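Listed below are the residues making up each chain.
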Protein chains: 2
Amino acid sequence: MTNDLFLRALRGEVVERPPVWIMRQAGRYLPDFMKLKAKYDFFTRCRTPELATEITVMPIDQIGTDAAILFSDILVLPQAMGLPFEMKPGKGPFLASPVRSKSDAERVYVPDVEEELDYVMNAIRMTKSELNGRVPLIGFAGSPWTIFCYSIEGQGSKTFNLAKEFAFTNPSAAHSLLQKITDTTIAYLRAQIKSGVDVVQVFDSWGGVLSPVDFEIFSGQYLRQIVEAVKDEAPVIVFAKGCWHALSTLSASGASALGLDWTIRPEAARELAGGDITLQGNFDPARLYSSAGEIKGMVWDMIDAFGKDRYIVNLGHGILPDIPVDNVLAFVDAVKTYPQKP
Amino acid sequence: MTNDLFLRALRGEVVERPPVWIMRQAGRYLPDFMKLKAKYDFFTRCRTPELATEITVMPIDQIGTDAAILFSDILVLPQAMGLPFEMKPGKGPFLASPVRSKSDAERVYVPDVEEELDYVMNAIRMTKSELNGRVPLIGFAGSPWTIFCYSIEGQGSKTFNLAKEFAFTNPSAAHSLLQKITDTTIAYLRAQIKSGVDVVQVFDSWGGVLSPVDFEIFSGQYLRQIVEAVKDEAPVIVFAKGCWHALSTLSASGASALGLDWTIRPEAARELAGGDITLQGNFDPARLYSSAGEIKGMVWDMIDAFGKDRYIVNLGHGILPDIPVDNVLAFVDAVKTYPQKP
């Protein structure tokens, strides 16, 4: 690996500066991505290895991040489980027949992921070849709870109250579905690693709608199953948005790193997670609207607060579509010019 | 006051059981409210003292909560400042010409609230007369940051990124607008107290979209101005949703109580807020979908964890419209039958 800074930070080694990558770096704010978006619909871009590869490598060439993340979507997994999600332009994910009953849940099946999601594996192999050892490649999946949320709700939501109502009033059907998603996710991440990804990240985008007690019941235990099953094959990053209350238990899961959203101070995150785990985050995506000079100052303050070791610079959530490319370059440049303290 | 449990809990006195009220208790889940909703549009209900009074008193008669909260909306305040918000049925608040520039912000004015919002004062006086000392009456306002969010965005949002972009790129215009909202809010809450409310609550519904550093800059300092200006006239409750990181600074503001959403453990909230302040919350509104028996167990666990003193039972956010009335009664009944420990 020409640039293995990201892998070294995940192993907790002393580094010259922290590595940097950006959630959703492969996409929407890049003009060349928008040209591809105008020609091909969302899941065509995911399913065509040449397109997924081109989009995945784009920010490595144009932005200079220290890791690539496969262009794909967390919903390709439930698609392979019998839930045919579509992506409605301007609206987001949509499932015409969401899971609303025990019998709906029973119809969801654990697929052969290497067969059903062979296009992901092909995209990984093609991307690895195109990257040619420049930077590591990150694979990913949604958390079981997050996939469950979309499967019940059938679309995005602020609060996922339908999903919560289902979980709270049909707990045995909910757990049976969550276990099927977990089993599929473990097989999926193992297949990604076998196909070449160097690291995997699990996104629990909606764990934060649950209370701490319900998070443990409906999300935490499944996240831990995944980490346990995968961690010996590749480093695992767990990003549970809004779940600061779970940092200490997730820290003990065997994950190599924990992702953080922007609503926690670095010092508080270090204290809650304990000293031994790498942390990743947590610049407010909307703070990239600020000037290049302000971004540089805030990034340096952030690295000072987290410390340069056991730390990966990232945003606290995906990059916003209308951020100017120059501001993204200022963000990455700030990390690369972070002054070494004597 | 026939039932002054709520006021005693706010003063930190030892009580026989904690008081209970429910955010948005005056409304949507009650069949009698839905009949009024079918006849009168949203702001007509707010602006007609007879209707506001009837709706405010309804849960006292039908649910038996220990406090009434005036039926109104946080957006009546910006309406009085030259921002004519409408309420679109099924969609929520809407402002046709939101604040998008410095000159838009300059046109927003500090009104004479007693004149512009005389219908609120009339509703308070009529409600107090109708309550006839049975339980205390809570008045309220939105936080300056939350009103700012709606004023810039012009509607609801998951992330309020337009508001954040405005604040981050036009900080001086943003602070000037936030100060005008703060001045109006102080006058508004004082007028409410003069008209008869016993307690006021400030809702910072969207402080949680900010990082801890930006919360202090764009929300915390204005919340503190309000508490400082009002606290000697009535007890103030500050509910900053998603702002667990600010509990210690808000605890030192002079507020009598802090509201909590459901994503924090009671023990963590007590530790962050310190021992001397009353806490209010924080049952997950979606957990009211559970059975009456489960609700009772969870409420008792919650009271055990917070302790019965310096505590007000509530939800962690507004009640959901489709919660069965029987489940709401089970929630209130659980508090009233909480077993005294010897």
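Conventions used here
Residues numbered from 1 in each chain as written. Chains lettered and ligands numbered in written order. Predicted model: local features only at pLDDT ≥ 70, side-chain atom pairs only at ≥ 80, totals over all residues. Pairing = 2+ DSSP bridges. Helix = DSSP H or I, 4+ residues; strand = E, 2+ residues; numbered from the N terminus. Contact = placed C-beta atoms within 7 Å. Axes fitted to C-alpha atoms, helices over the stretch in contact; angles between N-to-C directions. pLDDT = per-residue confidence, 0-100. Buried ≥ 20, exposed ≤ 12 C-beta atoms within 10 Å, placed from the backbone. Right-handed = clockwise from strand over helix to strand, strands pointing away. Nonpolar A, V, L, I, M, F, W, Y, C, P; charged D, E, K, R; others polar. Core = buried A, V, L, I, M, F, W, Y, C linked by C-beta atoms within 7 Å. Parallel < 35°, antiparallel > 145°, perpendicular 65-115°, else oblique. Least-squares fit on C-alpha atoms with pLDDT ≥ 70 in both. Expected span 1.5 Å × (residues − 1).

Right, let's talk about the sheet that holds strand β7 (residues 257-259) of chain B for a bit. All names here are of chain B. Here 7 strands make up an open sheet; going across it, the order is β1-β4-β5-β6-β7-β8-β9 and the pairing parallel. Edge positions in the sheet fall to β1 (68-69) and β9 (311-315), since each of these pairs with one other strand and no more. As paired strands, β7 and strand β8 (residues 278-283) are joined by 3 bridges and run parallel to one another. Among the inter-strand pairings, Leu-258 is bridged to a residue of β8, identified as Leu-279. Sheet strands touched by helix α8 (residues 118-131): β1 and β4 (137-142). Its angle to β4, the strand with the most contacts, is close to 155 degrees.

For the rest of this paragraph, the subject is the confidence of the model for chain A. Considering every residue of chain A, the mean pLDDT works out to 97; 100% of them sit at 70 or more. The ipTM, which scores confidence in the relative placement of chains, is 0.96 for this predicted complex, and the corresponding pTM is 0.97.

This next bit is on the pairing of β8 of chain B. Along a regular strand, successive side chains alternate from one face of the sheet to the other. Residues and elements named next belong to chain B. By the criterion of burial, β8 is predominantly enclosed, with 6 of the 6 residues buried. You can see the chain leave β7, run along helix α14 (residues 266-273) and come back into β8, and the turn it takes is right-handed. Of the strand pairs in this sheet, β8 and β9 are connected by 5 bridges, and their pairing is parallel. Note that in β9 the partner of Gly-281 across the bridge is Val-313. Running through helix α15 (residues 292-306), the crossover from β8 to the neighbouring parallel element β9 is right-handed.

Before going further, it helps to examine the interface of chain B and chain A. Contact residues are listed per partner, giving 23 residues for chain B and 23 residues for chain A. Element by element, the count of residues in the side of chain B that touches chain A is highest for helix α10 (residues 161-169) of chain B, at 5 residues. Of the residues contributing to the side of chain B that touches chain A, the split by class is 8 nonpolar, 8 polar and 7 charged.

Turning our eyes to something else, we now look at the environment of Gly-64 of chain B. Along the chain, Gly-64 of chain B falls in the loop between α4 (49-62) and β1. Separated by 269 residues in sequence, Gly-64 of chain B and Asp-333 of chain B have C-alpha atoms that sit 8.8 Å apart.

Attention now goes to the sheet that holds strand β1 (residues 68-69) of chain A. Residues and elements named next belong to chain A. Taking strand neighbours across the sheet as the criterion, the 7 strands line up as β1-β4-β5-β6-β7-β8-β9 in an open arrangement whose pairing is parallel. Two strands bound the open sheet, and with one partner strand each, they are β1 and β9 (311-315). Here strand β6 (residues 236-240) pairs with strand β7 (residues 257-259) via 3 bridges, running parallel. By the bridge assignment for β7, Phe-239 is matched with Gly-259. Packed onto the sheet, helix α8 (residues 118-131) meets β1 and β4 (137-142) and runs at close to 155 degrees relative to β4.

As a further point, take the nonpolar core. Judged by nonpolar contacts, the single largest core of 241 residues is most densely connected at Val-238 of chain A together with Val-238 of chain B. Those residues in contact with Val-238 of chain A, other than ones at most four positions away along the chain, are Val-202, Leu-223, Val-227, Leu-250, Ser-253, Ala-255, Leu-258 and Gly-259 of chain A.

All right, on to the packing of helix α9 (residues 144-153) of chain B against α10 of chain B then. Residues and elements named next belong to chain B. Two elements in contact, α9 and α10, have axes separated by 8 Å at closest approach and are oriented at 105 degrees. Taken together, the axes of α9 and α10 are roughly perpendicular relative to one another. Along its contact with α9, which presents Phe-148, Cys-149, Ile-152 and Glu-153, the element α10 presents Leu-162, Ala-163 and Phe-166. Residue composition of the contact of α9 with α10, grouped by class: 6 nonpolar, no polar and 1 charged.

Here the focus is the relation of the copies chain B and chain A. The two chain copies are related to each other by a rotation about an axis together with a translation along it. The two copies are related by a screw operation: chain B maps onto chain A through 180 degrees of rotation and 0.0 Å of translation along the axis, at an RMSD of 0.0 Å. Here the two chains are linked by the operation of a two-fold rotation axis. For chain B, the residue whose C-alpha comes nearest the rotation axis is Lys-158 of chain B, separated from it by 3.1 Å. The overlap is high: 100% of the interface residues of chain B also sit at the interface in chain A, so the same surface is used on both sides.

Turning our attention to the pairing of β4 of chain B. All names here are of chain B. Across the 6 residues that make up β4, a large majority, 6, are buried. A two-sided burial pattern is seen for β4, the buried positions comprising Leu-137, Gly-139 and Ala-141 on one face and Ile-138, Phe-140 and Gly-142 on the other. Judged from the 2 bridges that link them, β1 and β4 form a sheet pairing that is parallel. Looking at the pairing, Ala-68 lines up with Leu-137 of β4.

Residues and elements named next belong to chain B. Across the 10 residues that make up α9, a large majority, 10, are buried. Those residues of α9 that fall on the buried side of the exposure criterion are Pro-144, Trp-145, Thr-146, Ile-147, Phe-148, Cys-149, Tyr-150, Ser-151, Ile-152 and Glu-153. Phi for Gly-154, located one or two positions after α9, is positive at around 80 degrees.

This part covers α4 of chain B. Residues and elements named next belong to chain B. Its 14 residues give α4 an end-to-end C-alpha distance of 20 Å, which sits within 8% of 20 Å, the value for a rise of 1.5 Å per residue. Every buried residue of α4 is listed here: Ala-52, Thr-53, Ile-55, Thr-56, Val-57, Pro-59 and Ile-60. Residues of α4 that are buried in the fold lie against α2 (31-39), α3 (42-47), β1 and α8. One or two steps after α4, the chain reaches Gly-64, where phi turns positive at roughly 80 degrees.

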